[in-house]
Amino acid sequence: YLGEKVTINTVVSNHGVGHEFPGGTSDINEVWVHFVVSDGQSRVIYQSGALDDQNDVDTKAYFYRSLPVDKEGKLVWRHDLFRMVGDSFKNVIKPGSADVVTYNFVVPSWAKNPLNISAVVKYRKLNNRYARWALKDEKLVLPVVDVASDAITVPIRGRVEAAEIPLKSRASPRRLSGLGTEQVR
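Predicted model, so just to flag it, every value in this text is computed and none were measured. (Residues numbered from 1 in each chain as written. Predicted model: local features only at pLDDT ≥ 70, side-chain atom pairs only at ≥ 80, totals over all residues. Heavy atoms only, no water.)

With respect to the nonpolar core
One finds Phe105 and Leu115 to be the most contacted residues of the largest nonpolar core, which totals 21 residues. Only β1 (5-13), β2 (30-38), β6 (98-106) and β7 (115-124) provide two or more residues apiece to this core. Apart from the residues lying within four places of it in its own chain, the contact partners of Phe105 are Glu4, Lys5, Val6, Ile8, Val37, Ile45, Tyr46 and Leu115. One finds Ile28, Leu126, Tyr130 and Leu140 within the second-largest nonpolar core, a separate group that totals six residues. (Core = buried A, V, L, I, M, F, W, Y, C linked by side-chain atoms within 4.5 Å. Buried < 20%, exposed > 50% of the residue type's maximum accessible area, 1.4 Å probe, protein only. Helix = DSSP H or I, 4+ residues; strand = E, 2+ residues; numbered from the N terminus. Contact = heavy atoms within 4.5 Å.)

Printed below as a string of structure tokens:
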């Protein structure tokens, strides 16, 4: 309904691969979900995981990656894993498993029918911080691949307040009881 909070659960599954997703160098690969909700006039209502004008991913996006740390708790971002003692964060999907990503947003009063909701799992071989350092190119733009995607269209409904319904079209008042319906006098 217009003006109400909506919760959308997006399922990302790892079937038929035979290893964790993402596999390999999950500390320097960049895998995330780009989630977009727009209205019938293509106006964006909510978005997570977009690329900015520097080609960097929205930092609040939902990522599949690991963040290794050294013995002092500092991020090991240059892939010098001989310094790694553990991960401060690791999010992968085991083979044959799935992950549920939850998004919450409010449908604004200006939104027009219908809602267009899409989710795309995106992959870039190297995250920008590492790639720009390793390849010594601050303007480097690496390609992004769509690994999987899905979309749905959902109608928007508006609530009509009782005061907005003309009196002559209102049903006669009734009271519900455990035994049925009876006329209120």
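Some remarks on the pattern of salt bridges
All chains considered together, the criterion is met by eight salt bridges. A salt bridge links Asp70 to Arg83, with the nearest nitrogen and oxygen atoms 2.8 Å apart. Of the two residues, Asp70 is situated in the loop between β4 (62-69) and β5 (86-91) and Arg83 in the loop between β4 and β5; the sequence distance between them amounts to 13 residues. We classify Asp70 as buried; its relative accessible area is 7%. For Asp146, the salt bridge goes to Lys122, with nearest N and O atoms at 2.8 Å. Residue Asp146 is found in strand β8 (residues 145-154), and its partner Lys122 is found in strand β7; the two are separated by 24 residues along the sequence. The structure contains a network of salt bridges with shared partners spanning Asp70, Asp80 and Arg83. (Salt bridge = Lys/Arg side-chain N within 4 Å of Asp/Glu carboxyl O.)

Considering the environment of Val101
Turning to its location among the elements, Val101 is positioned in strand β6. A sequence separation of 90 residues divides Val101 from Val11, and the C-alpha atoms of the two residues are 6.3 Å apart. Ignoring anything within four residues of it in the chain, the contact list for Val101 reads Ile8, Asn9, Thr10, Val12, Tyr62 and Tyr64.

What about the pairing of β1?
Regular strands place their side chains on alternate faces of the sheet. Only one face of β1 is covered, namely the one carrying Val6, Ile8, Thr10 and Val12; the face carrying Lys5, Thr7, Asn9, Val11 and Ser13 has none of its residues buried. Pairing of β1 with β6 involves nine bridges; the strand directions are antiparallel. Each residue of the ladder has a partner; that of Ile8, found in β6, is Tyr103. (Pairing = 2+ DSSP bridges.)

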